Amino acid sequence: MNGSAAARLRRLRWLLTVLFTVLNAAGLIVLAWLLVDQDREQGELRMDASLKEVTAAVSRLVQSSGDGTVVTAFIGQDQIDTSCPEFAVLPAGAGEFDPHFSRRDCAPVDRGYLHGLAEDSTASGREIQGYVPSTEDGLVRVVTKPFLNAAGQYAGAIVAVSDPTAELDRHSAFVWWVIGGCALAVAVVGVAGHLLSGRAIRPAAAALEQQEVLLAETAHDLRTPVAALRALAETAMRNPADRPDLLPRTVRLAARMGSIIDDLLVRARLAAGVETLAIQPVWLDQLVTGVVQETPANGAQVTVTTAPSAVYADPNLVQRAVGNLLDNALRYGRQPGSPAIVHITVAGGRVTVADHGPGIDASVAEESFDRFTSGAGSSGLGLSIVRWTAQAHGGYLRVYNAEEGGAIFELSFPLAQ
């Protein structure tokens, strides 16, 4: 993969990761804000419910005579007077009575401030609830309840007060739990986004890698025949009448280059997944026999042993794959100074090509056939085409060495029922 393309893909991956993480983080932040706000409201509702229980109980203990006088003496006889939350019954409006404060201090609050709340509640005739400043640089929660005298006038208000420290601490802990959970979720989402973005651009990376491999293979496999063709052409130019053998050699070399280019195109189409297979029942034994008959032996000894074998395959691709195996055996399956000896066996949907060459290195035999190397040198794209053909048909290509020497290639295809 070239540097600029790789850099662009890396930037694209990080951009996708950041975008995915930011969008999910925004959603998590909104959800966290809603959870925190709801928890705060629920906490305030719980505190207000407790305070309203106190104001309701105290309002039942407040008595009013026929002349409008408010009596609070009965409050001191009830245990609520010594319980928390604390409260105060304060005159306001038409009320003329002594204020009553519960005998237990439960919240640090200025009593003068409570008088102001009672007056506001009595003047409006409505309950007041919320936070007010405490005497210790904090907040206290208050709920007021105005009450009427016997004449139907607002005579004062009951003000209940509670210390919200425990509830605020609980809410703060909940907020930190939410923040920690969101941070962990964002981290997980970021990692997942990075993995997903990598998976999303994997086809593009694979395509670029295939392009690079194809270019490298093209340069590698065409370099030698192009140089040889140029040398032949230069020799023919210098000796146009003395070397009549150069023209046939030039034609053969050009044919070899054409075959290499065809292999490159087939390899690229197979790697890109755009090659459409024309699967049909094929008599494998007849196809292999035809390939052997059409391939020049050039002095090599080629024997074929076949048994009727029908497979499901694309005949054109199979023909090319078998031709590549045979060409590989003819090129590299020989001992120095000796003609090639090749044995081909066809049976049970398998084509076995055995030669008498130097064999295959055991460590190399386990590698892929993208750039296969025999004992005599590079096999070019031939075996790569064979492997891709086998995989595309659901078959396999295996290679191993014979005990008496030489390499054995086994190509298998699914049998036709």
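Residues numbered from 1 in each chain as written. Predicted model: local features only at pLDDT ≥ 70, side-chain atom pairs only at ≥ 80, totals over all residues. Heavy atoms only, no water.

By the naming in an unreviewed UniProt entry, the protein is histidine kinase, taken from Prauserella endophytica. Under Subcellular location (unreviewed entry), UniProt gives the following word-for-word description of the protein: "Cell membrane". Among the UniProt annotations of the protein, the heading Catalytic activity (unreviewed entry) holds the following wording: "ATP + protein L-histidine = ADP + protein N-phospho-L-histidine." (UniProt positions renumbered as here; feature names shortened; annotations may be inferred.)

Helix and strand counts for the protein stand at eight helices and 16 strands. Counting all 417 residues of the protein, 38% fall into the buried class. As presented, the protein carries roughly 22,800 Å² of accessible surface, and 57% of it is formed by carbon and sulfur atoms. (Helix = DSSP H or I, 4+ residues; strand = E, 2+ residues; numbered from the N terminus. Buried < 20%, exposed > 50% of the residue type's maximum accessible area, 1.4 Å probe, protein only. Areas by Shrake-Rupley, 256 points an atom, 1.4 Å probe, with all protein chains shown as cover.)

Next up on the list: the pattern of salt bridges. Enumeration according to the criterion identifies 10 salt bridges in this entry. The salt bridge partner of R141 is D48, with a shortest N-O separation of 2.8 Å. Taken as a pair, R141 in strand β6 (residues 139-148) and D48 in helix α1 (residues 3-61) lie far apart in primary sequence, 93 residues in all. Of the two residues, R141 and D48, both sit in the buried class. Residue R350 is joined to E410 by a salt bridge in which the shortest nitrogen-to-oxygen separation is 3.8 Å. With a gap of 60 residues between them, R350 in strand β12 (residues 350-355) and E410 in strand β16 (residues 407-412) connect regions that are remote in the sequence. Given the relative accessible area of 11%, E410 is considered buried. Salt bridges sharing partners connect three or more residues here, namely D37, R40, E41 and E44. (Salt bridge = Lys/Arg side-chain N within 4 Å of Asp/Glu carboxyl O.)

Let us look at a nonpolar patch on the surface. Among the surface-exposed residues, L12, L15 and L16 lie close enough to one another that they form a single nonpolar patch of about 240 Å² accessible area. Residue placement: L12 occurs in helix α1. Taking the relative accessible area as the measure of exposure, L12 reaches 36% and is therefore partly exposed. (Patch = residues over 30% accessible without salt bridge, like charges linked within 9 Å, V, L, I, M, F, W, Y side chains within 5 Å.)

In this section: the UniProt feature "transmembrane region" (unreviewed entry) in the protein. Feature annotation in UniProt places "transmembrane region" (unreviewed entry) on residues 12-36 and 174-196, given in this structure's numbering. End C-alpha to end C-alpha, residues 12-36 measures 35 Å, and it is 100% helix and 0% strand. For residues 174-196, the end-to-end C-alpha separation is 32 Å, with 100% helix and 0% strand making up the annotated structure.

This part covers the packing of helix α5 (residues 284-294) against helix α6 (residues 315-332). In the contact formed by α5 and α6, the axes pass within 10 Å of each other and the chain directions differ by 50°. The angle between the axes of α5 and α6 places the two elements in the oblique class. As α5 runs across α6, the sense of the crossing is right-handed. Packed against α5, whose contacting residues are L284, L287, V288, V291, V292 and E294, the element α6 presents P315, V318, Q319, V322, G323 and L326 at the interface. (Axes fitted to C-alpha atoms, helices over the stretch in contact; angles between N-to-C directions. Parallel < 35°, antiparallel > 145°, perpendicular 65-115°, else oblique. Left-handed = near helix turned anticlockwise from the far one by under 90°. Contact = heavy atoms within 4.5 Å.)

The next thing to look at is unusual backbone geometry. A negative phi angle is the norm for most residues apart from glycine, just as the trans form is the norm for most peptide bonds. Residues C84 and P85 are joined by a peptide bond in cis, for which omega reads 5°. Tracing the backbone shows P85 in the loop between β2 (70-71) and β3 (86-91).

Moving on, we get to the pairing of strand β7 (residues 154-162). For β7, the buried fraction is high: eight of the nine residues fall into the buried class. In this structure, β3 lies alongside β7, joined through six bridges in antiparallel fashion. Note on β7: the bridge partner recorded for A88 is V159. Pairing between β6 and β7: eight bridges, direction antiparallel. Each bridged residue has a counterpart across the sheet, and for V142 the counterpart in β7 is V161. Counting the residues between successive antiparallel strands, the hairpin from β6 to β7 contains five residues, one of them, G152, with a positive phi of roughly 80°. (Pairing = 2+ DSSP bridges.)

All right, on to α5 then. Buried within α5 we find L284, D285, L287, V288, V291 and V292. Projected down its long axis, α5 shows its buried positions confined to an angular sector of 165°, all on one face. Seen from the open side of α5, the exposed residues pointing more than 90 degrees away from its buried face are Q286, Q293 and E294. At its buried positions, α5 is contacted by β8 (280-283), β9 (301-306), β10 (310-313), α6, β11 (341-347) and β12. (Arc of directions from axis to C-beta.)

For the rest of this paragraph, the subject is the sheet that holds β6. Each strand in a sheet pairs with its neighbour through backbone hydrogen bonds, running either in the same direction (parallel) or in the opposite one (antiparallel). On the basis of which strands lie adjacent, the open sheet formed by five strands has the order β4-β3-β7-β6-β5 and antiparallel pairing. Of all strands in the sheet, those with a lone pairing partner are β4 (100-101) and β5 (129-133), marking the two edges. Where β5 and β6 come together, five bridges link them in antiparallel fashion. When the sheet's bridge partners are listed, V132 is paired in β6 with V140. Relative to β7, helix α2 (residues 111-124) is tilted by about 130°, and along the sheet it contacts β3, β4, β5, β6 and β7.

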